[in-house]
Each structure stands twice: as structure tokens, then as C-alpha cells.
Amino acid sequence: SARAPEKTAISAPLPPAITWIDAAISVKALTDYNFRGISQTDRRPAGQASVELQFYDNLFYAGVFGSNVDLATSPTAEIDFFAGIRPKFGPVTFDFGVIPYYYPSEKAFIFQGAQFTPRNTEYTEVVGKVSYNYQDKLTVGANVFYAWDWLGVGADATYASVTAKYNLPFLEGLSVSGEFSRYWIGTPNRSIYFPTPISLPDYNYWNAGVSYTYKNLTADLRYHDTNLSKTECYTLTADPRGTFSGSGRSKWCSPSVVASLSFDITASSIGIFAPK
């Protein structure tokens, strides 16, 4: 008699592994720390590092960022804490979080008896972001940051931007990206910090650049610019050079090209906090 065919056991697919906890570490060297179009290091190089803890497949996160700075209030560094949630729905990712900016050991900038800055410029922003990834080739995004006491002057401030990044097809790891933004800054309610009451200017900021990533290293070359005049830049920054010279002008917001090299790694990529 013919032999009956053997039955093949069909096993149910295993649920996807979950990375319950991970850590992302980044170290970066830059020719200038340009933040929203304004140099934070008086056009000098910067070293930065950040550590981000990620929970439940990077749904929740919390971390800390640090950089050297050279600002009017002479802080020893900039230290930012951040936390939030990143829900993802297919190619769409949201990010809702909070960022307190901390400047240790800063002091008011006083010249010839006039106080040009608050004694404490620490502030906090709430953040909302959304991005869309098209076939891992093109990523576009929109971002909003809001602070209710910008740099300690009592003004609210809203920073909104659109971003785009395109991975070039002819070389893996090579991409071009850019950002265009508008910064709306309210009226200070603590004019005692300034020689006379002032109105802070709103401004546009944009950047465009090219980057190349090889394994854990990323090299980036980027152009930054704003529509701020040198006088408006001084109003926003209290650049000590503009005060000492009596010009009331600053080059911190002028066009600049910044090169950077960063090293990024996650703990899970080297076997720590492996998915389970």
C-alpha cells in the first residue's frame, strides 16, 4: 500500500523581540557650536557628548547632553536634560518631550555699571515633532519648541521648523539635509536686566549640508545663516565684543560653515541590553 504523507508541523511565528532598555551614546567634535543660527562658542570649536536611555523599543526616553560654550554670562558649560515619548506608526514617528537648559556657574554680564543679561539664563522648552520616512530614502519633518521664560528674560518664545533629509542612491551612507525655521520671541517683562527696555527680534534661520556615515562615524559639513542684522544679533546675545567696542553689533548670527565629526553607538549593538 502507498505510504501516507508525513504531516509537517507548523509552528506559530514568534513575537518580535523587544528591547526593553537601551542606551545611545554620542560624542561629537565641531568647528563651532551653532544653535538655531547663533554661535554658542564665539566661533570657536566645541566638544559635545550625550547619553540617552531608551525604554520599550525606544518608545520612552530620557537623557543628558553637554557642551562647552562661550556666552555673555560666562557659564562653565551647557547641560541639557531631556525626556519624552516617541510613538511610531509605520513610517510616521512622533516625539513629545521636555528640555531644561542648564548653564552652571553663570553670572550677569555687567559693564560700566549696566547689567546686560539676567544673572540666570536657564529655561525649559516643551517639544513636539513629527517625521515621515519614505522607503528609507527621504525623511521629512516638522518641529515646534515652546519656552515660557526664554533665557530668563520673561519672554515666551516659539521655534518652528521644517526639515528634510535625502539618502543619495549612489553611495550608501551619504545624504543631504536641511532645515528652515522661524523663531518668534516675545517681549521681556524683566527690562531691569537691560540698560533700557528693549524689544527682541523674531528671525528666520536655515541650514543645509551633506553628511557621510560609515559604521559609527558621521562627518557633516553644514552652512548656517539667519536674516538677523548684526545689531539685532547683539540685542539677542549681548555679545561682550559688541559691548566693549561700543558698536552694539555681533557676528554670532552671521553666515557660517560648520564641520563636525561624531561617534554614535548603542549598548544593544555591542550585546548589552540585548532584545528579549
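Residues numbered from 1 in each chain as written. Predicted model: local features only at pLDDT ≥ 70, side-chain atom pairs only at ≥ 80, totals over all residues. Heavy atoms only, no water.

Asks: Whenever I open this one, the pattern of salt bridges confuses me. Can you help?
Replies: Oppositely charged side chains can form a pair if their charged atoms are brought close together. All told, the structure shown has eight salt bridges when counted by the stated rule. Here E125 ties to R36 by a salt bridge, and the two come within 2.8 Å at their closest N and O atoms. Highlighted residues: E125 in strand β11 (residues 123–134) and R36 in the loop between β2 (34–35) and β3 (38–39), separated in sequence by 89 residues. Given the relative accessible area of 6%, R36 is considered buried. For D70, the salt bridge goes to R44, with nearest N and O atoms at 3.0 Å. Taken together, the residues D70 in the loop between β5 (60–67) and β6 (78–85) and R44 in the loop between β3 and β4 (46–55) connect sequence positions 26 residues apart. Accessibility expressed as a relative area gives 32% for D70, which makes it partly exposed. Owing to a relative accessible area of 38%, R44 belongs among the partly exposed residues under this scheme. In the salt-bridge network here, residues are joined through shared partners; they are D42, R44, D70 and R241. (Salt bridge = Lys/Arg side-chain N within 4 Å of Asp/Glu carboxyl O. Helix = DSSP H or I, 4+ residues; strand = E, 2+ residues; numbered from the N terminus. Buried < 20%, exposed > 50% of the residue type's maximum accessible area, 1.4 Å probe, protein only.)

Asks: Can you walk me through the nonpolar core in this structure?
Replies: Nonpolar side chains in soluble globular proteins generally cluster together in the buried interior. W150, Y183, I185, Y203 and L236 are the most contacted members of the largest nonpolar core, which has 32 residues in total. Counting only elements with at least two residues in this core, the list comes to β5, β8 (92–102), β11, β12 (138–150), β13 (155–167), β14 (174–185), β15 (203–214) and α1 (230–237). When neighbours within four sequence positions are excluded, W150 is seen to be in contact with Y123, A155, A157, Y183, I185, L200 and L236. Membership of the second largest hydrophobic core comes to five residues, among which are A72, F109, Y234 and A238. (Core = buried A, V, L, I, M, F, W, Y, C linked by side-chain atoms within 4.5 Å. Contact = heavy atoms within 4.5 Å.)

Asks: What is the right way to look at the state of the cysteines in this model?
Replies: The final tally for this structure, using the stated rule, is one disulfide. Disulfide pairing places C233 opposite C253 at an S-S distance of 2.0 Å. Disulfide C233-C253: the torsion about the S-S bond is 80°, which places it as right-handed. Here C253 lies in the loop between α2 (240–244) and β17 (256–266) and C233 lies in helix α1, a separation of 20 residues in the sequence. (Disulfide = S-S within 2.5 Å.)

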